Amino acid sequence: MRPLFHPRPVNGPFDDPGLYISFLFDRRALMFDLGDIHALSAREALKISHVFVTHAHMDHFNGFDRLLRLCLGRRKDLYLYGPEGFLKNVEGKLAGYAWNLVNGYENILNLYVAEIHEKHRITRKYSSGRRFAADGEVRSDFHGTLLKETGFSVSAAILDHQIPCLGFSLEEHFHVNIRGEVLDSLGFSTGPWLQEFKQALYAGSTAGEIQVPGQFEPFRIQELAEKIAIISRGQKISYVADAGFHSDNAEKIIALTRDSDVLFIEAAFLEADLPQARRKFHLTAAQAGMLAAQAGVRRLEVFHFSPRYSGNENALRDEARRTFENPA
Ligand SMILES: [Zn+2]
Ligand SMILES: [Zn+2]
């Protein structure tokens, strides 16, 4: 199967975290965490439509300035999500600059910022056209889903890192593969119509018809799907950064990341430094591996290593792999 989402850590495991997730065939990307993003090209950064921030510790959020700088002067809607206190964090950052000229710019940048609480979310809009003054507050319920689009959803769990900290999961509803050999045998060429066709399947609107270029008659989407499409389970990508190890967090992490194709999870310390991990509300590599095993994750990627292990990163990876492959 050709995956729809391509997750890529922006930096190495000792640097400020950020996971860049680009979409196949689409000039679009999502970000989990917003640490140092200088390793992204401007072109890549401008594809970002939604940013999901675990918490506003500086190492997870200092890329906000860089992203804002790149987007300023462009017509764009940027959506940001973060835990309790996030609106104040964003407003504090916006208050750090003078905006006297931006309301005259032809292209308007809108930030839609959502702060997630146990049972509700608060969204505010900040527009360059209004010099980023807070505007249009909306309060709505929160039941675990942050974003739902035609083909995928992003959900969150509120974890405890001494402060509330979000864990994220991106899930494709199902995956559509096209049978290339059938296309060839029917004499159909590939092109944008295939994207349109897939979108119709994702939207569940299979009753309609679609025009295949070079064919006289439009095809019924349902009929075409039976011929040329293979429908399979969708991709699931999860991300957990900064959480203390206790039963409540463990249960939430396992439920959120259940059956992920890949789990990116922090492993700040070795088990030998457990007291340190406890004091700082972080996971050890052994704990990260164990959680991934209990969640039935297919692939484990550990990151966010403490600088004390610089030059010794394989010790963290090995420890995580041991408990992932041989859970107690
Ligand atoms: Zn933190
Ligand atoms: Zn951190």
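So, how was this worked out
Note that residues are indexed from 1 along each chain, following the sequence as it is written. The lettering of chains begins at A and the numbering of ligands begins at 1, in the order of writing. Reporting in this predicted model follows two pLDDT cut-offs: at least 70 for local features of residues, and 80 or more for side-chain atom pairs to be given and counted; totals over whole chains, interfaces and linings ignore these cut-offs and use all residues. Heavy atoms throughout the structure, all of them, feed into the side-chain values; hydrogens and water do not. Helix numbering and strand numbering both begin at the N terminus, where a helix is a DSSP run of H or I of at least 4 residues and a strand a DSSP run of E of at least 2. Our radius of gyration is a C-alpha quantity, and the globule rule it is checked against amounts to 2.2 Å times the number of residues to the power 0.38. Note on exposure labels: buried denotes an accessible area under 20% of the residue type's maximum, exposed denotes more than 50%, and partly exposed covers the range between, all computed with a 1.4 Å probe on protein chains only. By definition, residues are in contact when any of their heavy atoms lie within 4.5 Å. Note on areas: Shrake-Rupley, 1.4 Å probe, and residue coverage restricted to the protein chains presented here. His is not counted, nor are the chain ends, whereas Lys and Arg count as positive and Asp and Glu as negative. By convention, the charge on Lys lies at NZ, on Arg at CZ, on Asp at CG and on Glu at CD. Throughout, the edges of the domains are those of an automatic or database domain assignment. Put simply, buried area is how much 1.4 Å-probe accessible surface two parts lose in total, over both of them, once they are put together. Salt bridges are defined by distance alone: a side-chain nitrogen of Lys or Arg within 4 Å of a carboxyl oxygen of Asp or Glu. Nitrogen and oxygen atoms within 3.5 Å of one another constitute a polar contact, given that in protein one can donate a hydrogen and the other can accept it, and given that sequence-neighbouring residues count only through two side-chain atoms. Any residue that is not Ala, Val, Leu, Ile, Met, Phe, Trp, Tyr, Cys, Pro, Asp, Glu, Lys or Arg is counted as polar, Gly included; the first ten are nonpolar and the last four charged. Aromatic contacts are taken between Phe, Tyr and Trp rings whose centres are within 6.5 Å, Trp giving its six-membered ring; a plane angle under 30 degrees counts as stacked, one over 60 as edge-to-face, and the others as tilted. Note on criteria: charge over ring means Lys NZ or Arg CZ within 6 Å of the ring centre, with the direction from the centre no more than 35 degrees off the ring normal. Structural elements are reduced to axes, namely lines fitted to C-alpha atoms, with helices fitted over the stretch in contact, and the angle between N-to-C directions of any two is expressed from 0 to 180 degrees. Should an angle fall under 35 degrees it is called roughly parallel, over 145 degrees roughly antiparallel, and 65 to 115 degrees roughly perpendicular, with every other angle called oblique. Sites may look incomplete, because water is not among the atoms used; the donor set itself consists of N, O and S atoms within 2.8 Å of the metal (3.2 Å for Na, K and Ca). Working rule for geometry: tetrahedral if four donors all subtend angles between 85 and 135 degrees; square planar for four, octahedral for six, if opposite donors exceed 155 degrees and the others stay between 65 and 115; irregular in every other situation.

(A) Looking closely at the overall build of the protein. When helices and strands are counted, the protein shows 11 helices and 18 strands. For 328 residues, the compact-globule estimate of 2.2 N^0.38 gives 20 Å, and the C-alpha radius of gyration of the protein, at 22 Å, lies within 12% of that figure. Counting only C-alpha atoms, the protein reaches 70 × 60 × 40 Å along its principal axes. Within the span of the protein, comprising 328 residues, buried residues form 50% of the whole. For the protein, the share of sequence-separated contacts (at least 6 apart) that also reach a separation of at least 24 residues comes to 63%. Only carbon and sulfur atoms are counted for the fraction: they give 49% of the accessible area of the protein, which is about 15,500 Å². Computing the positive centroid from 38 side-chain charges and the negative centroid from 41, the protein places the two 3 Å apart.

(B) Spatial organisation of the domain arrangement of the protein. As assigned here, the protein comprises domain 1 (5–172 + 235–323) and domain 2 (175–232). Placing a centre on the C-alpha atoms of domain 1 and another on those of domain 2 gives a separation of 35 Å. With 4 residues of domain 1 at the interface, the matching set in domain 2 holds 6 residues. Summed over both sides, the interface of domain 1 with domain 2 buries roughly 420 Å², with 54% coming from carbon and sulfur. The three residues of domain 1 that bury the most area against domain 2 are Phe25, Thr150 and Glu172, which together make up 84% of that side's buried surface. Our enumeration of links across domain 1 and domain 2 arrives at 0 salt bridges. At the surface where domain 1 touches domain 2, the tally comes to 2 residue pairs in polar contact (both at pLDDT 80 or more). Tallied by class, residues from the side of domain 1 that touches domain 2 come to 1 nonpolar, 2 polar and 1 charged.

(C) Region of the structure containing the packing of aromatic side chains. Counted under the stated rule, the structure contains 20 aromatic pairs. With centroids separated by 5.6 Å and ring planes inclined at 80°, the aromatic side chains of Phe5 and Phe152 adopt a geometry described as edge-to-face. In this pair, Phe5 sits in strand β1 (residues 5–9) while Phe152 sits in strand β10 (residues 152–160), placing the two residues 147 residues apart along the sequence. Neither Phe5 nor Phe152 differs from the other in exposure class; each is buried. Aromatic rings pair up to connect Phe32, Phe52, Tyr81, Phe168, Tyr239 and Phe303 into one cluster. Lying across the ring of Phe61, Lys93 places its NZ or CZ 5.7 Å from the centre.

(D) How the structure looks around the side chain of His55. Among the secondary structure elements, His55 is positioned in the loop between β4 (48–52) and α2 (58–61). Among the residues examined, His55 registers a relative accessible area of 0% and is labelled buried. Separated by 3.4 Å, the side chains of His55 and His161 make a polar contact. Setting aside residues no more than four positions away along its own chain, His55 makes contact with Asp33, His60, Phe61, Pro83, His161, Ile163, Pro164, Cys165, Ala241 and Asp242.

(E) Just the packing of helix α6 (residues 192–203) against helix α7 (residues 221–228), in detail. Orientation of α6 relative to α7, taken along the N-to-C sense of each, is 105°, at an axis distance of 11 Å. Classified by the angle their axes make, α6 and α7 are roughly perpendicular. Between α6 and α7, the contacting residues are Trp193, Leu194, Phe197, Ala200 and Leu201 on the first element and Ile221, Leu224, Ala225 and Ile228 on the second.

(F) View of the coordination of the zinc ion (ligand 2). Listed as protein donors to the zinc ion (ligand 2) are Asp59 (OD), His60 (NE2), Asp242 (OD) and His304 (NE2); their distances from the metal cover 2.1 to 2.7 Å. With 4 donor atoms in place around the zinc ion (ligand 2) and angles of 84 to 157° between them, the coordination shape is irregular. Written as a sequence motif, the donor residues of the zinc ion (ligand 2) are D-H-x181-D-x61-H. In this structure, the zinc ion (ligand 2) lies 3.4 Å away from the zinc ion (ligand 1), the two metals sharing Asp242 as a donor. Taken together, the positions of Asp59 in helix α2 and His304 in the loop between β18 (299–303) and α11 (313–325) put the pair 245 residues apart, joining distant regions of the chain. Accessibility expressed as a relative area gives 23% for Asp59, which makes it partly exposed.

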